[in-house]
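What follows is each chain in one-letter form.
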Amino acid sequence: MSLDLIVQSVISGLSQGSVYALVGLGFTIVFTVTGIINFAQGEFVMLGGMLSWVFFRLYGVPQVPALILAVMVATVVGALLYLLAIRSARKASVVSLIIITIGASILIRGIVSEIWREDFVRNGTDVVRPPYFTGENPLHFLGASIEPQRLWIVGTTIFVAIALHLFFSYTMVGKALRASSVNRVGASLSGINPRTMALIAFAMAAALGAIGGIVVAPQNTTYVEAGLMLGLNGFVAAAIGGFRSQLLTVAGGIGLGILEQFAIRVDWGPLSSGYADAIGLVVLVLVLLVRSGKLAAQERAS
Amino acid sequence: MLARLKARGAYLAIAPLLVLVVLAPFDWFLGDYTTLLIFMGIHTMVTVGLCLLMGYTGQVSLGQAAFYGLGAYGSAILTTKYDVNPWLAMVSAAAITGAFAYIVGYLIFRLKGNYLAMATLGLGLVIVILFEQLDGLTNGVRGITGIPRLSIGDFVFDTAFRRYFLVWFFCLATLLLAQNMVRSRTGRALRAIHGSEAAAESIGVNSAQFKVKIFVLGAVFASLAGSLYAHNVFYVSPGRFGFLFSVMLVVMAVIGGLASIWGAIFGTAVVRLLSDKLLIELGGWDMIIYGLILIAVMIFVPQGLFVGLRDTYERWRLRRTRRGAVT
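How each quantity is defined
Each chain has its residues counted from 1, running along the sequence as written. In the order they appear in the text, chains get letters beginning with A and ligands get numbers beginning with 1. For a predicted model such as this one, the threshold for reporting local features is a pLDDT of at least 70, and the threshold for listing and counting side-chain atom pairs is 80 or more; totals across whole chains, interfaces and linings nevertheless cover every residue. Here a strand is any run of E in DSSP of at least two residues, a helix any run of H or I of at least four, and the numbering for each starts at the N terminus. Exposed residues have 12 or fewer other C-beta atoms within 10 Å of their own C-beta, buried residues have 20 or more, and partly exposed residues fall in between, where C-beta atoms are placed from the backbone. The reference for a compact globule is 2.2 Å times residues^0.38; the radius of gyration itself is calculated from the C-alpha atoms. A residue pair is marked as a contact if its C-beta atoms, positioned from the backbone, fall within 7 Å. Under the scheme applied, nonpolar residues are Ala, Val, Leu, Ile, Met, Phe, Trp, Tyr, Cys and Pro; charged residues are Asp, Glu, Lys and Arg; polar residues are all the others, including Gly. Orientation is described by axes fitted as lines to C-alpha atoms, over the contacting stretch for helices, and by angles from 0 to 180 degrees between their N-to-C directions. Roughly parallel means an angle under 35 degrees; roughly antiparallel, over 145; roughly perpendicular, 65 to 115; everything else is oblique. Each crossing gets its hand from how the near helix is turned against the far one by less than a right angle, where anticlockwise is left-handed and clockwise is right-handed. Confidence scores here are pLDDT values: one per residue, from the predictor, ranging 0 to 100. A helix is expected to span 1.5 Å for every residue after the first.

(A) Main features of the overall build of chain B. Looking only at helices and strands, chain B has 15 helices and two strands in total. Residues classed as buried in chain B amount to 49% of the 327 residues present.

Laid out in structure tokens, this is it:
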């Protein structure tokens, strides 16, 4: 394994893993505040990327407003998911909530593919690529070539992670969210409305996913089914963090991304890179094996 | 009272159902729906496993299509590449799938809801990747053709009419097996777990073990159904066993009703009619409609549409008979 291959894999993995980290953070925030795993989380990544392409290419919105608009629309969709579906099913069991969010996931996918179906046909393919944020010429570093977009992805993730940390530490709303994730009943006794908190959590998670989507789509392209794999890998990141620790979630996502890039770029003999998508599941099983005792105890406690 | 009515209803339902199943494939009865009915039978076998899993363990599998795919590919590979007898291939595929499900279930069932759902979702994706990548065994995305027909001695299940009876024989056998299990010691244990897991465990029910049993049973049903599918269309390819099919199976189970065995037929029939007749004319829209069904049913009748309707009807009937007794 040569040095440039290692550098290349680590840098590509950092950007790839950043997206898993953002999706994982969405899972973690929703779970800590509401106790729900939102299986539609991956769709917001798809929505972000897809909408930024739609606004820019189809409706001629300038690039930066198109990106902002994409995140805003996805955030509204996340809020609507809570208001229309989750909140109505108040005493729902875990299974019901899983099925509701799975339903929402294919509903979102179906709507996107129906609305822009003819545009995909005109485009020649339903795999779309919004434009790069800045130039296309790769930078060279230690023998590896890095697309500028990868720097945008990593930079955005670092920025978002710091912003989240500040938000949870220093703002009233952030503190209220933290309070209701520690003790929902206690929080509501001290005047924190759990429904408002849940709404904020769902909207925030959608925004995080969509931000991941707009930065990664120019690099990886996006398509209607893209949310599935991203959602799964984001879930793995969140599972590494035990659906609790934001720091571990970010580390887990980035670790998974790097692992995946090594799997794709290094020649493993008979194991082709076609298997790379399976890595998330393998890691998930390992995490569950290692953490299952702890997670089960945590579930019993809650 | 309600329980006894329900129990009687379940057995009474079998007789007209049997008549319906026997009459259905004849042209003069329904018209030519035999192919559709064959798929209904096959999918019902998968759905009933899901209904049991969701109703009795409080968990959901989002990768049931993978077990179905394992059955189909198991039969296809063993019969075309190794010339194994189709019946033996079917049993072997089911055994392998069951063992596989046991390992997965053993790992996951110590945890609650969310993990099994995500793990089975991931499993479903990975199995499809394997079907695509293990080129030497599966012919990759091209799929496997030339799967032989099933036969008993000289009697070959070649026409759709014959295959229909074969499939529904398996389907009804599956339903009866499921019914017996629910009424057995296992079933009582499962209901106890459903009522209160802590209480059941305190009287010595190993809840994880029973849940794994249900999961494995559902996987074996799915695998058998997959084998029947392979011997009905004579061709398998990876695209058939993906995530959307898993979701469609969940839609069938949700319409049929959680924990309901006979509802599985109803749910499967509704979805098959929807997707084969209505949605083809609409052209697309299937994801939107299935998504809406999943959300709406879970919000308004979380026990499942068929069960919800049945319970409402029985409560109404009960109230009427009571009022009759008073006057």
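(B) The overall build of chain A, seen in detail. Looking only at helices and strands, chain A features 12 helices and two strands. Listing each helix as α and each strand as β along chain A from the N terminus yields α-α-α-α-α-β-β-α-α-α-α-α-α-α. A globule of 302 residues ought to have a C-alpha radius of gyration of about 19 Å, and chain A, at 19 Å, matches this closely. Counting only C-alpha atoms, chain A reaches 60 × 45 × 35 Å along its principal axes. Burial status across chain A gives 49% buried among its 302 residues. In chain A, the proportion of contacts linking residues at least 24 apart, taken out of those at least 6 apart, comes to 77%.

(C) The arrangement of the interface of chain B and chain A in detail. Between chain B and chain A, the residue contacts involve 40 residues of the former and 40 residues of the latter. Sorting elements by how many residues they give to the side of chain B that touches chain A places helix α6 (residues 113-133) of chain B first, with 14 residues. When the residues that make up the side of chain B that touches chain A are grouped by side-chain class, the tally is 29 nonpolar, eight polar and three charged.

(D) Main features of the packing of helix α1 (residues 3-34) of chain A against helix α11 (residues 246-265) of chain A. All names here are of chain A. Axis separation between α1 and α11 bottoms out at 6 Å; the angle between their running directions is 140°. One way to sum up the angle between α1 and α11 is to call them oblique. In this structure, the crossing between α1 and α11 has a hand that is right-handed. Each residue belonging to the contact of α1 with α11 can be placed in one class, and the counts come to 11 nonpolar, 16 polar and two charged.

(E) Representation of the confidence of the model for chain A within the structure. Mean pLDDT over chain A: 86, with 94% of residues reaching 70 or higher. Confidence, read as mean pLDDT per element, is least for helix α12 (residues 279-301) of chain A in chain A (71) and greatest for helix α3 (residues 63-86) of chain A (93).

(F) Here's a closer look at helix α6 (residues 148-170) of chain A. Residues and elements named next belong to chain A. A rise of 1.5 Å per residue sets the reference length of α6, with its 23 residues, at 33 Å; its end C-alpha atoms lie 33 Å apart and thus fit the reference within 8%. For α6, every residue scored as buried is listed here: Gln149, Arg150, Trp152, Ile153, Thr156, Thr157 and Val160. The secondary structure elements touched by the buried residues of α6 are α1, β2 (144-146) and α9 (194-220).

(G) Molecular detail of the environment of B:Asp158. Residues and elements named next belong to chain B. On the secondary structure map, Asp158 appears in the loop between β2 (155-156) and α8 (160-183). Asp158 gets classed as exposed once you count the C-beta atoms within 10 Å, which come to 11. Along the sequence, Asp158 and His231 sit 73 residues apart, while their C-alpha atoms lie 9.7 Å from each other.

(H) Inspection of the environment of A:Val173 at higher detail. Residue and element names in this part refer to chain A. Relative to the helices and strands, Val173 resides in helix α7 (residues 172-182). Residue classification places Val173 among the partly exposed positions, given that 14 C-beta atoms sit within 10 Å. Considering only alpha carbons, one finds Val173 and Ile102, 71 residues apart in sequence, at a separation of 29 Å.

(I) Just unusual backbone geometry, in detail. Not every positive phi belongs to a glycine, and A:Thr221 is a case in point at roughly 65°. When you line up the elements, A:Thr221 lands in the loop between α9 and α10 (227-240). Judged by the 15 C-beta atoms lying within 10 Å of it, A:Thr221 is partly exposed. A positive phi angle is found at B:Asp83, which is not glycine, with a value near 55°. Considering the arrangement of structural elements, one finds B:Asp83 in the loop between α4 (64-81) and α5 (86-108).

(J) Structural view of the packing of helix α2 (residues 41-58) of chain A against α9(A). Residue and element names in this part refer to chain A. Put simply, α2 and α9 touch, their axes get as near as 7 Å, and they point 50° apart. Judged on the interaxial angle alone, α9 and α2 are oblique. For the pair α2 and α9, the crossing hand works out as right-handed. Counting all contacts with α2, which are made through Gln41, Phe44, Val45, Met46, Leu47, Gly48, Gly49, Ser52 and Trp53, the residues of α9 involved are Ala205, Ala206, Gly209, Ala210, Ile211, Gly212, Gly213, Ile214, Val216 and Ala217. Grouping the amino acids of the contact of α2 with α9 by side-chain chemistry returns 12 nonpolar, seven polar and no charged.

(K) A look at the environment of B:Asn139. By the element assignment, B:Asn139 lies in the loop between α7 (135-138) and β1 (151-152). For B:Asn139, a count of 20 C-beta atoms within 10 Å corresponds to the buried category.

(L) A look at α11(A). Across its 20 residues, α11(A) extends 29 Å between first and last C-alpha, which sits within 8% of the 28 Å expected from 1.5 Å per residue. Those residues of α11(A) lying buried are A:Thr249, A:Val250, A:Gly252, A:Gly253, A:Ile254, A:Leu256, A:Gly257, A:Glu260, A:Gln261 and A:Phe262.

(M) Up close: the confidence of the model for chain B. Residue and element names in this part refer to chain B. Averaged over every residue, the pLDDT of chain B is 83; residues scoring 70 or more account for 89%. When pLDDT is averaged over each element of chain B, α4 comes out on top at 92 and helix α1 (residues 2-23) at the bottom at 62. Predicted complex metrics record ipTM = 0.88 and pTM = 0.87.

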